[in-house]
Amino acid sequence: MYEDYITTQDEAICHLFLHCCFKDGNFTQEEVNTVASRFVDLQIHKDLNFKEELVHYKSYKETMDDENEYLQYLLKLINPVQNLALYSYCIELCLSDQQLTTEEDGLLSRIAGRLDISNEDKNIINKLITQRKAVEIEKIF
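Cut-offs used in this document
- Residues numbered from 1 in each chain as written.
- Predicted model: local features only at pLDDT ≥ 70, side-chain atom pairs only at ≥ 80, totals over all residues.
- Heavy atoms only, no water.
- Helix = DSSP H or I, 4+ residues; strand = E, 2+ residues; numbered from the N terminus.
- Contact = heavy atoms within 4.5 Å.
- Areas by Shrake-Rupley, 256 points an atom, 1.4 Å probe, with all protein chains shown as cover.
- Lys, Arg positive; Asp, Glu negative; His and termini not counted.
- Charge placed at Lys NZ, Arg CZ, Asp CG, Glu CD.
- Core = buried A, V, L, I, M, F, W, Y, C linked by side-chain atoms within 4.5 Å.
- Buried < 20%, exposed > 50% of the residue type's maximum accessible area, 1.4 Å probe, protein only.
- Patch = residues over 30% accessible without salt bridge, like charges linked within 9 Å, V, L, I, M, F, W, Y side chains within 5 Å.
- Salt bridge = Lys/Arg side-chain N within 4 Å of Asp/Glu carboxyl O.
- Axes fitted to C-alpha atoms, helices over the stretch in contact; angles between N-to-C directions.
- Parallel < 35°, antiparallel > 145°, perpendicular 65-115°, else oblique.
- Left-handed = near helix turned anticlockwise from the far one by under 90°.
- Nonpolar A, V, L, I, M, F, W, Y, C, P; charged D, E, K, R; others polar.

A. Spotlight on the overall build of the chain. Of the regular secondary structure elements, the chain holds seven helices and zero strands. Walking the chain from its N terminus toward its C terminus, one meets helices and strands in the order α-α-α-α-α-α-α. C-alpha extents for the chain along the principal axes are approximately 45 × 30 × 25 Å. Sequence-distant contacts in the chain: of pairs separated by 6 or more residues, those separated by 24 or more amount to 79%. Put simply, the chain shows about 8000 Å² of open surface, and 48% of that area lies on carbon and sulfur atoms. Computing the positive centroid from 14 side-chain charges and the negative centroid from 26, the chain places the two 4 Å apart.

Shown next as structure tokens:
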């Protein structure tokens, strides 16, 4: 299944980001733009083809049995040193369509748990990213 497609750190980051975007069952143009932007920011675009990774993700997404096992696999490959930064990217991607669904909130909680992020840190990061999104949309501080 996904183990056949995800074997490197960059692939794991890509698929985690895609999973964050697809968690609400929707993949909007804004989310596509945000993920593509993150690919460039993190230099992942040099080694991976976004369209191919999207096809791979879609090929196993519906048959994924255990999301916790999936997250554990991805995070083991990513082996993050900056866990708060990775978590903040996940929040940003979940909010890139200007809404946070119950499913996305649950996913973010599971990711935070796997990254050993305290509730206090989680809440601060959530507020920070939410306020930054509001500033981007409303254009006021």
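B. Looking closely at the nonpolar core. By size, the foremost hydrophobic cluster in this structure holds 40 residues, and its most contacted members are L16, Y70, Y87 and I111. At the level of elements, α1 (9-22), α2 (29-41), α3 (50-61), α4 (67-78), α5 (83-95), α6 (102-114) and α7 (119-138) are the ones that each hand at least two residues to this core. The biggest single contributor to this core is α1, with nine residues. Setting aside residues up to four positions removed in sequence, I111 forms contacts with L16, C20, L71, Y87 and C90.

C. How the structure looks around a negative patch on the surface. Taken together, the side chains of E3, D4, D65, D66 and E69 make up a negatively charged region of the molecular surface. Locating E69 in the fold gives a position in helix α4. Given a relative accessible area of 44%, E69 falls into the partly exposed group.

D. Structural context of the packing of α4 against α6. Direction vectors running N to C along α4 and α6 enclose 50°, while the axes themselves pass 10 Å from each other. Taken together, α4 and α6 sit at an angle that is classed as oblique. For α4 against α6, the interelement crossing comes out right-handed. In this structure, α4 contributes E67, N68, L71, Q72 and L75 to the contact, and α6 contributes L107, R110, I111 and R114. In terms of residue class, the contact of α4 with α6 is built from four nonpolar, two polar and three charged.

Note that all results are geometric; they support no functional claim without further evidence.
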